[in-house]
Each structure stands twice: as structure tokens, then as C-alpha cells.
Amino acid sequence: MSEPVEQVRLDEQRRIVRRAKAQGRRWFLRGALMLAVAFWCFRLGGSLYITVGAAMTLLGVLSFQMGRSLRRSAAEAEQKLALMEPQR
């Protein structure tokens, strides 16, 4: 009786893991874009552009860290789900 309920819960967890992986990928892309803008600002020079470049560098690095953290937690959750699947 509880097997279909467990299967539904596992499917929901798999969907959450896929979503977390996709969000991690998006954070990586945002970080790359921010670092590209920072590089462009540093190349232009000037006090305003250097300030914007420094801020974008910081935000880019934080975005990479966020993406890495999301991807790592999704991988750990995926491993736990593999252990929770019923053996057939």
C-alpha cells in the first residue's frame, strides 16, 4: 500500500534535484556574464568603470560559489535518492 506513495515522493524529490541542477547551471552562466562585464569595465578604465568592475568581479565569484553549492547539494541528494530506491 505504501509503495505507490513512496514512488510519488521519490519522483517529487527527483524533480527537485533536477531543478537544483538547472539553477546551479544558471548561476554559473550569470557568474560568467558578470566576469565578462567586469573584464570589459577594467579594460575601459576610469574610476567609475573600475568600481563597477570590482563589484561585478565580486558578484561573479559569489555567483560561481552559489552555482557550485547548488550543484553539489543536488549531487548529494541524488546519491541519497539512489539509496532510497526499492531494489527490484
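The structure contained in this document is the topic of the report that follows. (Residues numbered from 1 in each chain as written. Predicted model: local features only at pLDDT ≥ 70, side-chain atom pairs only at ≥ 80, totals over all residues. Heavy atoms only, no water.)

Looking at a nonpolar patch on the surface
Piece 1. There is a patch of nonpolar side chains on the surface, built from Trp40, Leu44 and Tyr49 and spanning about 330 Å² of accessible area.
Piece 2. Of note, Leu44 is situated in helix α1 (residues 2-44). (Patch = residues over 30% accessible without salt bridge, like charges linked within 9 Å, V, L, I, M, F, W, Y side chains within 5 Å. Areas by Shrake-Rupley, 256 points an atom, 1.4 Å probe, with all protein chains shown as cover. Salt bridge = Lys/Arg side-chain N within 4 Å of Asp/Glu carboxyl O. Helix = DSSP H or I, 4+ residues; strand = E, 2+ residues; numbered from the N terminus.)

Some points on the packing of aromatic side chains
Piece 1. A complete count under the given rule lists two aromatic pairs for this structure.
Piece 2. On the numbers, 5.7 Å between centres and 50° between planes, the contact of Phe28 with Phe64 is tilted. A residue pair is termed long-range when its members are at least 10 positions apart, and Phe28 in helix α1 and Phe64 in helix α2 (residues 47-84) qualify at 36 residues.
Piece 3. Take Phe28: its relative accessible area is 29%, and that puts it in the partly exposed class.
Piece 4. We note Arg30 situated over the ring of Trp27; from NZ or CZ to the ring centre the distance is 4.6 Å. (Phe/Tyr/Trp six-rings, centres within 6.5 Å; stacked < 30°, edge-to-face > 60°. Buried < 20%, exposed > 50% of the residue type's maximum accessible area, 1.4 Å probe, protein only. Lys NZ or Arg CZ within 6 Å of the ring centre and 35° of its normal.)

Quick notes on the pattern of salt bridges
Two side chains carrying opposite charge are able to pair once their charged atoms lie near each other.
Piece 1. Under the defined criterion, the tally for this structure stands at three salt bridges.
Piece 2. Note that Glu78 and Lys21 form a salt bridge whose closest N and O atoms lie 2.9 Å from each other. In this pair, Glu78 sits in helix α2 while Lys21 sits in helix α1, placing the two residues 57 residues apart along the sequence.

Topic: the nonpolar core
Piece 1. Core analysis: the biggest nonpolar cluster contains five residues, these being Leu10, Val17, Ala20, Ala74 and Leu81.
Piece 2. Listed by contribution, the elements that provide at least two residues to this core are α1 and α2.
Piece 3. If one sorts the elements of this core by residue count, α1 sits on top with three residues.
Piece 4. Discounting residues that sit within four places of it in the chain, Val17 has contacts with Ala74, Ala77, Glu78 and Leu81. (Core = buried A, V, L, I, M, F, W, Y, C linked by side-chain atoms within 4.5 Å. Contact = heavy atoms within 4.5 Å.)

Overview of a positive patch on the surface
Piece 1. Together, Arg25, Arg26, Arg30 and Arg71 make up a region of like positive charge exposed at the surface.
Piece 2. In terms of residues, the positive patch owes the most to one element, α1, which gives three residues.
Piece 3. Mapped onto the elements of the fold, Arg25 is located in helix α1. (Lys, Arg positive; Asp, Glu negative; His and termini not counted. Charge placed at Lys NZ, Arg CZ, Asp CG, Glu CD.)

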